[in-house]
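# Structure assessment
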Amino acid sequence: EMQLVESGGNLVQAGGSLTLSCAASGFTFDGYTIGWFRRAPGKEREGISCINLSNSDDRTYYADSVKGRFTVSSDNAKNTVYLKMNGLKPEDTAVYFCAAVYGVTSGLLGRNEYEYWGPGTQVTVSS
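Not measured: the values here are computed from a predicted model.

The next thing to look at is the pattern of salt bridges. With the rule as written, the count across this model stands at 5 salt bridges. For the salt bridge of Arg38 with Asp92, the shortest nitrogen-to-oxygen distance reads 2.8 Å. Of this pair, Arg38 sits in strand β4 (residues 32–39) while Asp92 sits in the loop between β8 (80–85) and β9 (94–102), and the two are 54 residues apart along the sequence. Across the pair Arg69 and Asp92 runs a salt bridge whose closest N-O atoms are separated by 2.7 Å. Pair noted here: Arg69 is in the loop between β6 (59–62) and β7 (70–75) and Asp92 is in the loop between β8 and β9, with a separation of 23 residues, a long-range link. Taking the relative accessible area as the measure of exposure, Arg69 reaches 14% and is therefore buried. Residues participating in the shared-partner salt-bridge network are Arg38, Glu46, Arg69 and Asp92.

Right under this line is the structure:
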């Protein structure tokens with residue numbers, strides 16, 4: 001069975017850092033685009049980042065809301081994608097999801113373009 005599982009969500013103080021992981025089972029990330037989304041209380045799910053593992057160089061894309069603060073990377077040997085979050089703000093409080101779809105991308109993808117989703121992990125930023 002193909003499955004994604006996020007981990008690393010926690011309570012963190014404003015200005016702090018946190019790294020989330022997205023691990024795949026049942027398939028490998030090779031040739032896939034892996035995206036990160038978040039759903040804040042009372043808000044729609046927002047696409048914040050993705051990494052295109054279909055390219056020879058791992059191209060990354062970011063939403064303006066996180067650009068300069070968040071960094072996505074991959075470890076193909078571990079079949080895992082990471083989201084490093086720096087300078088966290090209370091507004092970053094949300095459930096964070098990773099998602100996967102086979103193929104290339106030239107920018108952020110919408111949520112309907114992904115085939116596989118993890119169950120999410122809670123990130124809470126206190127002021």
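This is not the end of the story, as more comes after the structure.
A few words now on the side chain of Ser49. Within the fold, Ser49 resides in strand β5 (residues 46–52). There is a polar contact of 3.1 Å between the side chain of Ser49 and the backbone oxygen of Tyr61. Not counting residues within four places of it along the chain, the set of residues in contact with Ser49 comprises Ile34, Gly35, Trp36, Tyr61, Tyr62, Val72, Leu83 and Leu108.

Leu4, Phe29, Ile34, Trp36, Leu83, Met85 and Tyr96 are the most contacted members of the largest nonpolar core, which has 30 residues in total. Ignoring sequence-local partners within four residues, the contact set of Leu4 consists of Cys22, Ala23, Ala24, Phe27, Phe29, Cys98, Ala99, Ala100, Tyr116, Trp117, Gly118 and Pro119. Phe37, Val95, Phe97 and Leu109 belong to the second largest nonpolar core, which has 9 residues in total.

The next thing to look at is the sheet that holds strand β1 (residues 3–7). With antiparallel pairing, the 4 strands of this open sheet are ordered in space as β1-β3-β8-β7. Lying at the two open borders of the sheet, with one neighbouring strand each, are β1 and β7. With direction set aside, neighbouring strand axes in the sheet form an average angle of 20°.

About the criteria used
- Residues numbered from 1 in each chain as written.
- Predicted model: local features only at pLDDT ≥ 70, side-chain atom pairs only at ≥ 80, totals over all residues.
- Heavy atoms only, no water.
- Salt bridge = Lys/Arg side-chain N within 4 Å of Asp/Glu carboxyl O.
- Helix = DSSP H or I, 4+ residues; strand = E, 2+ residues; numbered from the N terminus.
- Buried < 20%, exposed > 50% of the residue type's maximum accessible area, 1.4 Å probe, protein only.
- Polar contact = N/O pair within 3.5 Å; in protein donor to acceptor, adjacent residues only side chain to side chain.
- Contact = heavy atoms within 4.5 Å.
- Core = buried A, V, L, I, M, F, W, Y, C linked by side-chain atoms within 4.5 Å.
- Pairing = 2+ DSSP bridges.
- Axes fitted to C-alpha atoms, helices over the stretch in contact; angles between N-to-C directions.

Geometry only, nothing functional implied.
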